[in-house]
Amino acid sequence: MGRHPRRDLLAGLTVAIVALPLALGFGISSGLGAEAGLATAVVAGALAAVFGGSGLQVSGPTGAMTVVLVPIMHAHGAPGVLTVGVLAGLMLVALAIGRAGRYMALVPAPVVEGFTIGIACVIGLQQIPGALGVPAPEGDKVTGIAWQAVLDFAAEPRWWPPAVAVGVAALMLVGARRWPTVPFSLLAVAAATVVAELAGLPLARIGALPAGLPAPSLSFLDPGALGSLLAPAVAVAALAALESLLSAAVADGMSVSHRHDPDRELFGQGLANLVAPLFGGVPATGAIARTAVNVRAGASSRLAALAHAGILAVIIYAASGLVARIPLAALAGVLLATAVRMVEAGSVRAMVRSTRGDAVVLGLTAVATLALDLVQAVILGLLVAGALALRAIARDVRLDAMPIRPDLPGDHTEAEHDLLAEHIVAYRLDGPLFFAAAHRFLLELSEVAAVSVVILRMSRVTTIDASGALVLGDAIERLERRGITVYVSGIRDGHHRPLHALGVIARLDAEGRVLATTPEAIEAARDRLRRDGVLTRP
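Quick caveat: nothing in here was measured; it's all calculated off a predicted structure. (Residues numbered from 1 in each chain as written. Predicted model: local features only at pLDDT ≥ 70, side-chain atom pairs only at ≥ 80, totals over all residues. Heavy atoms only, no water.)

Counted according to the given criterion, the structure contains two aromatic pairs. Where Phe153 meets Trp159, the ring centres are 5.1 Å apart and the plane angle is 90°; that geometry is what we call edge-to-face. A relative accessible area of 10% places Phe153 in the buried class. Judged by relative accessible area, Trp159 falls into the exposed class, the value being 61%. Ring geometry for Trp179 and Phe184: centres 6.3 Å apart, planes at 35°, overall tilted. (Phe/Tyr/Trp six-rings, centres within 6.5 Å; stacked < 30°, edge-to-face > 60°. Buried < 20%, exposed > 50% of the residue type's maximum accessible area, 1.4 Å probe, protein only.)

Here's what the structure looks like:
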């Protein structure tokens, strides 16, 4: 933190300017108010900066987390949201101790992209009441709330709120495209506030804010409600882990040599979520947009994220009166523009065009995020992506007949070569022999023509599970019932255990029909045919 303090402090100031309207907007969207968003940005932002696993990450309230918190707020009120934050913090610390951070990298890119698109749609729909200047209708389904807000506006239209929201969003989107380093979100909100004050526009404002953070308290905890809040806490913890590690990975990609520690990042986020609710803050995660701004502004250490939290704390204590005059429609415009900028059109087009499976996973995850719980959407996307991946792997499993060549060891006459070709066939198995590919393997091997000996070459089997081992045993039994002798060659060291444990090759091994190499198996098969009188010595 002492290498480039001036550069880090300037980066922290830039991020704070960008984060102020977002913290206010996400706090209001969560239902706990603007002060909750600011408290989260300060407390969680400082703790995650110090104890997290990324030196460039900026944490605070995010749109994705707001989407999860709205139904919790509707069902359990503010105490429920704060309790869920504490429980989620404990879960994140447990994940860090269990070293679960590395597994978050296994989430496929189409799932993440579809998840992001769905969240962007939900955030946009959440801003409809504020942008139209109507009270937010009751309910926990964002599509129903947005539609009811449109109907309320149509019954009694007031055009100043949508004009302000559209103006702020347009200034942010157009300005950021031409001058990406300028904090147009703050400029747009400031301009909307000044115009509204000077013109006396009838716009709803944020309202009075406390001049500082509240004293820490645990009075919101209700032990009797903990059981009903466990499931929402799991959803919040899963989202916090996923979004934070994704944001940290984005920071790594934007920097030259920085690499985050995923388990330490989970610990830092867990600690942040444990403490932020004590000050009235909502659950927090790593924020991709603010982290990207931090890296682009030249941040090189944790000092930048820590400075961002400190500057926001100064604003809370010194400028709460000015913040209270900001129109709600202006914050709605900020979040509408944020939702639009969350979707990378080029990345979406590339994934849709890459494979049909990627397009299906992306679209399904996006729709599920909009229609279902966010964690359910991610689980659904992972299940579909996993099923498609297994199908693709299963298609790569091959069973190829290999010719018995004269150049293999053994003293063969030309007649013997002909007899070997007629009576011995070798099959090479390529790829993983597991449950998804086992059935097709059984069907192919069952179609072996009438021969005396089948040699199964297994040196290229990459993995074998219980299903694959059982199917292999079934195939061997079917061949032997037809009078075909089976030899096995080239079993890898790690594959002996499942084959012996399930009794697949124990009998063959006892009879000397499990060989290390294919030439040895051919020699053993030739000796067997000679004993049976099929082959005659020269």
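What follows continues from the structure just given.
Our next topic: the pairing of strand E4 (residues 424–433). Most of E4 sits inside the fold, with 10 of its 10 residues counted as buried. Where E4 and strand E5 (residues 453–457) come together, five bridges link them in parallel fashion. Within the sheet, the bridge partner assigned to Tyr427 lies in E5 and is Leu456. Strand direction decides the pairing type here: E4 and strand E6 (residues 461–464), joined by two bridges, are parallel. Among the inter-strand pairings, Gly431 is bridged to a residue of E6, identified as Val461. (Helix = DSSP H or I, 4+ residues; strand = E, 2+ residues; numbered from the N terminus. Pairing = 2+ DSSP bridges.)

Turning next to the side chain of Arg302. By the element assignment, Arg302 lies in helix H12 (residues 302–318). For the buried residue Arg302, which engages in no salt bridge, the nearest side chain bearing the opposite charge is Glu265, 6.1 Å off. Those residues in contact with Arg302, other than ones at most four positions away along the chain, are Met1, Ala49, Val50, Gly52, Gly53, Ser54, Gly55 and Arg264. (Lys, Arg positive; Asp, Glu negative; His and termini not counted. Salt bridge = Lys/Arg side-chain N within 4 Å of Asp/Glu carboxyl O. Contact = heavy atoms within 4.5 Å.)

Let us now look at a nonpolar patch on the surface. A cluster of nonpolar side chains, namely Val50, Phe51 and Phe267, defines an oily patch on the protein surface of about 230 Å² accessible area. The topology assignment puts Val50 in helix H2 (residues 34–51). (Patch = residues over 30% accessible without salt bridge, like charges linked within 9 Å, V, L, I, M, F, W, Y side chains within 5 Å. Areas by Shrake-Rupley, 256 points an atom, 1.4 Å probe, with all protein chains shown as cover.)

Right, let's get into the packing of helix H3 (residues 63–97) against helix H4 (residues 109–126). One can describe the packing of H3 onto H4 by two numbers: an axis separation of 9 Å at closest approach and a directional angle of 65°. In terms of their interaxial angle, H3 and H4 are classed as roughly perpendicular. Crossing handedness for the pair H3 and H4: left-handed. Contacts between H3 and H4 involve Gly63, Ala64, Thr66, Val67 and Val70 from the former and Ile119, Val122, Ile123 and Gln126 from the latter. Taken together, the residues of the contact of H3 with H4 sort by class into six nonpolar, three polar and no charged. (Axes fitted to C-alpha atoms, helices over the stretch in contact; angles between N-to-C directions. Parallel < 35°, antiparallel > 145°, perpendicular 65-115°, else oblique. Left-handed = near helix turned anticlockwise from the far one by under 90°. Nonpolar A, V, L, I, M, F, W, Y, C, P; charged D, E, K, R; others polar.)

Another point: the packing of H4 against helix H16 (residues 356–371). Contact geometry of H4 with H16 gives a least axis separation of 7 Å together with a crossing angle of 30°. For the element pair H4 / H16, the angle class is roughly parallel. Both H4 and H16 take part in a crossing whose hand is right-handed. Together, Pro110, Val111, Glu113, Gly114, Phe115, Ile117, Gly118, Ile119, Cys121, Val122 and Leu125 of H4 and Asp358, Val361, Leu362, Thr365, Ala366, Thr369 and Leu370 of H16 make up the contact between the two elements. Partitioned by chemical class, the residues of the contact of H4 with H16 number 12 nonpolar, four polar and two charged.

The next thing to look at is the confidence of the model for the chain. Taken residue by residue, the chain gives an average pLDDT of 82. The fraction at 70 or more is 90%. Looking over the chain, one finds the lowest element-wise mean pLDDT in helix H18 (residues 414–423), namely 56, and the highest in helix H10 (residues 262–275), namely 95. Every residue in residues 406–412 scores below 50 in pLDDT, and together they form 14 contacts with partners more than four places removed in sequence or on other chains. (pLDDT = per-residue confidence, 0-100.)

Under the definition given, this model contains nine salt bridges. Of the charged contacts, one joins Arg205 and Glu197 as a salt bridge, the two residues approaching to 2.5 Å between their closest N and O atoms. Accessibility expressed as a relative area gives 17% for Arg205, which makes it buried. On the basis of relative accessible area, Glu197 is assigned to the partly exposed category, the value being 36%. Salt bridges here are not isolated pairs; linked through shared partners, they connect Glu480, Arg507, Glu511 and Arg513.

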